[in-house]
Amino acid sequence: EDQVTQSPEALRLQEGESSSLNCSYTVSGLRGLFWYRQDPGKGPEFLFTLYSAGEEKEKERLKATLTKKESFLHITAPKPEDSATYLCAVQARSGGSNYKLTFGKGTLLTVNP
Amino acid sequence: DARVTQTPRHKVTEMGQEVTMRCQPILGHNTVFWYRQTMMQGLELLAYFRNRAPLDDSGMPKDRFSAEMPDATLATLKIQPSEPRDSAVYFCASALWSETQYFGPGTRLLVL
């Protein structure tokens, strides 16, 4: 069974204080690892897809990296508007299940001004 | 700006009543997913469709939940009868085949 564990559950940063969120996963053949951002009262918003170990993607202050066992979401010089819950999900390669995403429970990030 | 739409956005009902949630996927997307989100369990996949055909509904309580796609622009999730433990946020997402899933704003359901 595919599993995704995110840590920490909650993270509080001061504006400008860089940090990283972790996503550890076990999957029977990784097709893709996805990062989403979710604001209160809204649906998850797509950020990145990573497909193979060593791959990196960046968007503004966010950079996502991938190894064979985990992914990191690095946040550089965060701003209060980066406050949200960040969700990680894996998609398995095998057979008919390659449509499904298995989500972690998320990291609630709060950035104080 | 293409996006997934869901109605209603909020629903309060009494135990035993039927609840119907609707989703309009992004035009051209052929895969539609229904998820449920709670504080305890996080996001859980309930069911999904490809080209309107159900592929997997193993995440749904079979006795009370049903999901359908009457046409390519409408997906429905019904709960009958509803129970307090069904209170959650229900999300619809759509994708082109197995590519990136895009989520709707959700239906917040409270069953009293």
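Structure first, text after, so check above.
Residues numbered from 1 in each chain as written. Chains lettered and ligands numbered in written order. Predicted model: local features only at pLDDT ≥ 70, side-chain atom pairs only at ≥ 80, totals over all residues. Heavy atoms only, no water.

A.B. asks: Explain the pairing of strand E3 (residues 19-26) of chain A to me, using residue names and the numbers behind them.
C.D. replies: All names here are of chain A. With five bridges joining them, strand E1 (residues 3-7) and E3 adopt antiparallel strand pairing. If you follow Gln 6 over to E3, its bridge partner there is Cys 23. Where E3 and strand E8 (residues 70-75) come together, six bridges link them in antiparallel fashion. Within E8, the residue paired with Cys 23 across the bridge is Ser 71. (Pairing = 2+ DSSP bridges. Helix = DSSP H or I, 4+ residues; strand = E, 2+ residues; numbered from the N terminus.)

A.B. asks: Describe in detail the side chain of Thr 65 of chain A, supporting the description with residues and values.
C.D. replies: All names here are of chain A. The topology assignment puts Thr 65 in strand E7 (residues 62-66). Relative accessible area serves as the criterion here: at 12%, Thr 65 is assigned to the buried category. The residues touching Thr 65, leaving out its near neighbours within four places in the chain, are Leu 50, Glu 55, Glu 56, Glu 70, Ser 71, Phe 72 and His 74. (Buried < 20%, exposed > 50% of the residue type's maximum accessible area, 1.4 Å probe, protein only. Contact = heavy atoms within 4.5 Å.)

A.B. asks: Account for the interface of chain A and chain B, with residues named and values stated.
C.D. replies: In this assembly, 21 residues from chain A lie in contact with 24 residues from chain B. For the pairing of chain A and chain B, the buried interface totals around 1,700 Å² over both sides, and the portion due to carbon and sulfur atoms is 51%. Of all residues in chain A, Tyr 99, Lys 100 and Phe 103 of chain A give up the largest surface area on contact with chain B, accounting jointly for 36% of the area buried on that side. Measuring nitrogen to oxygen at the nearest pair gives 2.9 Å for the salt bridge that ties Arg 31 of chain A to Glu 99 of chain B. Contributions of two or more residues to the side of chain A that touches chain B are made by strand E4 (30-38), strand E5 (45-50), strand E9 (84-92) and strand E10 (101-103) of chain A. In terms of residue count, E4 of chain A provides more of the side of chain A that touches chain B than any other element does, four residues in total. (Buried area = accessible area lost by both parts, 1.4 Å probe. Salt bridge = Lys/Arg side-chain N within 4 Å of Asp/Glu carboxyl O.)

A.B. asks: Can you break down a nonpolar patch on the surface residue by residue, with the values?
C.D. replies: Residues Val 12, Leu 110 and Leu 112 of chain B make up a contiguous nonpolar surface patch of roughly 290 Å² in combined accessible area. The topology assignment puts Val 12 of chain B in strand E2 (residues 10-13). (Patch = residues over 30% accessible without salt bridge, like charges linked within 9 Å, V, L, I, M, F, W, Y side chains within 5 Å. Areas by Shrake-Rupley, 256 points an atom, 1.4 Å probe, with all protein chains shown as cover.)

A.B. asks: A description of the state of the cysteines should follow, citing residues and the corresponding values.
C.D. replies: By definition, a disulfide links two cysteine residues through a covalent bond between their sulfur atoms. Under the definition given, this model contains two disulfides over all chains. Cys 23 of chain A shares a disulfide with Cys 88 of chain A; S-S distance 1.9 Å. The sign of the -60° torsion about the S-S bond sets the Cys 23 of chain A-Cys 88 of chain A disulfide as left-handed. One end of the pair, Cys 23 of chain A, is in strand E3; the other, Cys 88 of chain A, is in strand E9, and 65 residues separate them in sequence. Judged on exposure class, the residue Cys 23 of chain A and its partner Cys 88 of chain A are both buried. The disulfide bridge from Cys 23 of chain B ends at Cys 92 of chain B, spanning 1.9 Å between sulfur atoms. Taking the sign of the S-S torsion, about -60° here, the bridge from Cys 23 of chain B to Cys 92 of chain B comes out left-handed. On the criterion of sequence distance, the pair formed by Cys 23 of chain B in strand E3 (residues 19-24) and Cys 92 of chain B in strand E9 (residues 88-95) is long-range, its members being 69 residues apart. In terms of burial, Cys 23 of chain B and Cys 92 of chain B fall into one category: buried. (Disulfide = S-S within 2.5 Å.)

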